Amino acid sequence: MPNIKAQSSVGVVAASFVGTALEWYDFFLYGTAAALVFNKLFFPNFDPVAGTMAAFATCAVGFIARPFGGVVFAHFGDRVGRKSVLVTTLIIVGVSTFLIGLLPTYESAGVAAPVLLVVLRFVQGLGVGGEWAGAVLIVAERGDPRRRGFATSWVQVGAPVGLLLATGAFGLTTLMPEPELLKWGWRVPFLLGLALTGVGLFIRLKILESPLLVEALNAAPPTGLPLFETLRRHPRNVLLAMGARMAENVYFYFFTVFILSYGTERLLLSRATMLRGVLVGAVIQLAAIPLFGILSDRIGRKAVYLGGAIFLAAFAFPFFSLVELGTVAVGGAICLGLIGHAAMYGPQAAFMSELFGTRVRYTGASLGYQLASPLSGGIAPLVAGGLLTWSGGEPWPVAVYLISMSLVTSIAVLLATETRGRDLTQC
């Protein structure tokens with residue numbers, strides 16, 4: 001039998017990173033398509049603004065599904081093992097993405113087309129909801145606790161890599177003439193999801209189970225349901241994790257999804273210009289997230305996390321002033337915003353892992369992370385779009401909304417206990 005403790009931590013980090021990057025590719029691809037083409041493909045009878053809002057609403061369905069996926073898969077992650085859940089969720093997300101690429105549009109299938117789109121987005125959200133905690137924990141529960149922030153931050157890097165792949169793939173399709181893009185070009189990035197899933201599975205099947213969980217299950221069989229045990233033992237930490245997640249999730253989808261429609265429809269910038277801005281921002285995040293993970297190992301999770309929330313609150317109004325300057329400024333504004341986001345996202349995985357005990361860690365981290373998703377990133381594009389419509393195109397209500405989310409996160413982080421270096425065997 002393989003020695004679980006002897007497996008290279010680097011190999012485990014790599015496997016978690018690759019699988020997570022591919023799952024985020026699938027999830028972000030949908031958001032990019034929703035911002036740029038789904039209004040024409042699935043809601044052609046609406047005016048452009050209403051069609052985009054409808055597309056964002058289908059995007060939000062994935063976020064609504066994520067808490068359900070988090071609870072269901074976390075149950076098995078705490079009772080059976082982290083690895084089997086990671087393999088299952090990767091298959092679910094990859095297959096649902098592939099099927100989206102095969103969907104008929106409204107023109108050929110009528111109302112059935114958007115209905116099928118919503119169903120597949122929900123399934124996709126279930127898989128993503130179960131993925132994050134397992135990928136993080138299988139890294140956090142081995143290796144040097146003094147470098148846990150850095151190690152788990154590489155799993156977080158999977159998000160900008162997935163964003164980079166999704167935005168890049170869709171960016172290439174936008175080089176096509178629009179009739180060809182709307183006819184078949186948009187399908188190609190979704191169909192590629194199946195091949196990428198195969199790569200992820202090949203790598204992920206090689207990792208071994210979390211040693212801490214194996215020891216806990218060998219010491220005594222699990223009793224009770226992880227969900228109820230988590231809510232009984234750690235209700236405060238679940239709420240604090242949710243609060244810490246709010247600003248991080250809202251800002252990310254604001255900078256990577258909403259800004260695409262804002263730039264193309266309100267500022268009349270090209271799709272290619274907006275996608276380039278997001279691409280550059282994603283590249284910068286690749287370096288920023290691990291750096292903030294290292295910083296959290298040195299000065300603490302709370303200080304780094306809080307710094308990101310405060311910076312983004314201060315940046316909310318200047319962001320809109322920058323993007324209105326035009327092409328170059330848009331890219332710079334997105335990059336600055338994503339650096340601020342990285343200050344929260346880098347230490348987040350270690351921070352949430354350290355809030356819960358081994359037997360309920362998957363459930364606790366999933367609840368805190370995923371319950372916040374539909375209340376934050378899931379509705380962020382919808383809320384921002386609605387506020388813009390209400391204000392007649394003036395961005396100040398959106399900036400106020402962003403600042404309020406920073407306030408929620410700042411309060412949650414201040415109320416939390418510093419977790420840096422915590423011994424996970426004693427949680």
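About the criteria used
- Residues numbered from 1 in each chain as written.
- Predicted model: local features only at pLDDT ≥ 70, side-chain atom pairs only at ≥ 80, totals over all residues.
- Heavy atoms only, no water.
- Helix = DSSP H or I, 4+ residues; strand = E, 2+ residues; numbered from the N terminus.
- Rg over C-alpha atoms; globule rule 2.2 N^0.38 Å.
- Buried < 20%, exposed > 50% of the residue type's maximum accessible area, 1.4 Å probe, protein only.
- Contact = heavy atoms within 4.5 Å.
- Areas by Shrake-Rupley, 256 points an atom, 1.4 Å probe, with all protein chains shown as cover.
- Salt bridge = Lys/Arg side-chain N within 4 Å of Asp/Glu carboxyl O.
- Phe/Tyr/Trp six-rings, centres within 6.5 Å; stacked < 30°, edge-to-face > 60°.
- Polar contact = N/O pair within 3.5 Å; in protein donor to acceptor, adjacent residues only side chain to side chain.
- Expected span 1.5 Å × (residues − 1).
- Axes fitted to C-alpha atoms, helices over the stretch in contact; angles between N-to-C directions.
- Parallel < 35°, antiparallel > 145°, perpendicular 65-115°, else oblique.
- Nonpolar A, V, L, I, M, F, W, Y, C, P; charged D, E, K, R; others polar.
- pLDDT = per-residue confidence, 0-100.
- Core = buried A, V, L, I, M, F, W, Y, C linked by side-chain atoms within 4.5 Å.

> I would appreciate a short explanation of the overall build of the protein in the present structure.
Helix and strand counts for the protein stand at 18 helices and zero strands. Since a compact globule built from 427 residues should have a radius of gyration of about 22 Å, the 20 Å found for the protein is in line with a globular shape. Counting only C-alpha atoms, the protein reaches 60 × 45 × 35 Å along its principal axes. By residue count, 60% of the 427 residues in the protein fall in the buried class. Within the protein, counting contacts between residues at least 6 apart in sequence, those at least 24 apart form 87% of the total. Surface accessibility of the protein: about 15400 Å² in total, with carbon and sulfur atoms responsible for 72%.

> Even after reading the chapter, I still don't get the pattern of salt bridges, so can you show me in this structure?
Any two side chains of opposite charge can pair if their charged atoms end up close together. Applying the stated rule across the entire model yields 10 salt bridges. Close ionic contact of E141 with R82 constitutes a salt bridge, the shortest N to O distance being 2.7 Å. Residue E141 is located in the loop between α6 (112–140) and α7 (148–173), and its partner R82 is located in helix α4 (residues 82–100); the two are separated by 59 residues in the primary sequence. Given a relative accessible area of 3%, E141 falls into the buried group. Residue R148 pairs with E354 through a salt bridge whose shortest N-O separation is 2.8 Å. A residue pair is termed long-range when its members are at least 10 positions apart, and R148 in helix α7 and E354 in the loop between α15 (327–353) and α16 (361–371) qualify at 206 residues.

> Would you take a moment to explain the packing of aromatic side chains for this structure?
One pass over the full model with this rule turns up 24 aromatic pairs. Where F38 meets F190, the ring centres are 6.1 Å apart and the plane angle is 20°; that geometry is what we call stacked. One end of the pair, F38, is in helix α2 (residues 38–42); the other, F190, is in helix α9 (residues 187–204), and 152 residues separate them in sequence. The exposure classification of F38 matches that of F190, with both residues buried.

> Honestly, the side chain of T264 in this entry has me stumped. Any pointers?
Here T264 is to be found in helix α12 (residues 235–266). Polar contacts involving the side chain of T264 include one to the main-chain carbonyl oxygen of L260, which spans 2.9 Å. If we skip the residues at most four places from it in the chain, T264 touches L36, L269, S270, R271 and M274.

> Hey, could you run me through α4 in this one?
Structurally, the α-helix is built with 3.6 residues per turn, so residues lying three or four positions apart point the same way. Between its first and last C-alpha, α4 extends 28 Å over 19 residues, near the 27 Å set by a 1.5 Å rise per residue. Listed in full, the buried residues belonging to α4 are R82, V85, L86, V87, T89, L90, V93, G94, S96, T97 and I100.

> Which parts of the structure should I look at to understand the packing of helix α11 (residues 226–233) against α16?
Think of two packed helices as two axes; the pair is described by the angle between the axes and how far apart they sit. Interaxial distance between α11 and α16 falls to 9 Å at its minimum, and their mutual angle equals 70°. Relative to α16, α11 is oriented roughly perpendicular. Contacts between α11 and α16 involve P226, L227, T230 and L231 from the first element and T363, G364 and L367 from the second. Counted by class, the contact of α11 with α16 contains four nonpolar, three polar and no charged residues.

> Would you take a moment to explain the confidence of the model for the protein for this structure?
Low pLDDT means the predicted atomic positions in that stretch should not be read closely. Per-residue confidence for the protein gives a mean pLDDT of 86; residues scoring 70 or more make up 97%. Ranking the helices and strands of the protein by mean pLDDT puts helix α18 (residues 396–415) first, with 96, and helix α10 (residues 211–219) last, with 77.

> Looking at this structure, I do not really get unusual backbone geometry. What am I missing?
Across residues other than glycine, the phi torsion is negative in most instances, and most of the peptide bonds are trans. Within the chain, L268 stands out as a residue other than glycine whose phi angle is a positive 60°. Of the residues examined, L268 reaches a relative accessible area of 69% and is grouped as exposed.

> Looking at this structure, how should I read the nonpolar core?
Looking at soluble globular proteins, one finds that nonpolar side chains tend to be buried together. One finds W24, V37, F38, F42, W186 and F319 to be the most contacted residues of the largest nonpolar core, which totals 116 residues. No other element matches the 18 residues that α12 contributes to this core. If we ignore the near neighbours within four places in the chain, the residues touching V37 are F170, L181, L182 and W186.

> Is there a simple way to explain the environment of V188 in this structure?
Within the element layout of this structure, V188 appears in helix α9. For V188, a relative accessible area of 36% translates into the label partly exposed. For V188 and F98, which are 90 residues apart along the polypeptide, the C-alpha to C-alpha distance reads 9.3 Å.

> Would you take a moment to explain the environment of A112 for this structure?
The residue A112 is located in helix α6 in this model. Of the residues examined, A112 reaches a relative accessible area of 36% and is grouped as partly exposed. With 70 residues separating them along the chain, A112 and F42 place their C-alpha atoms 9.6 Å apart.

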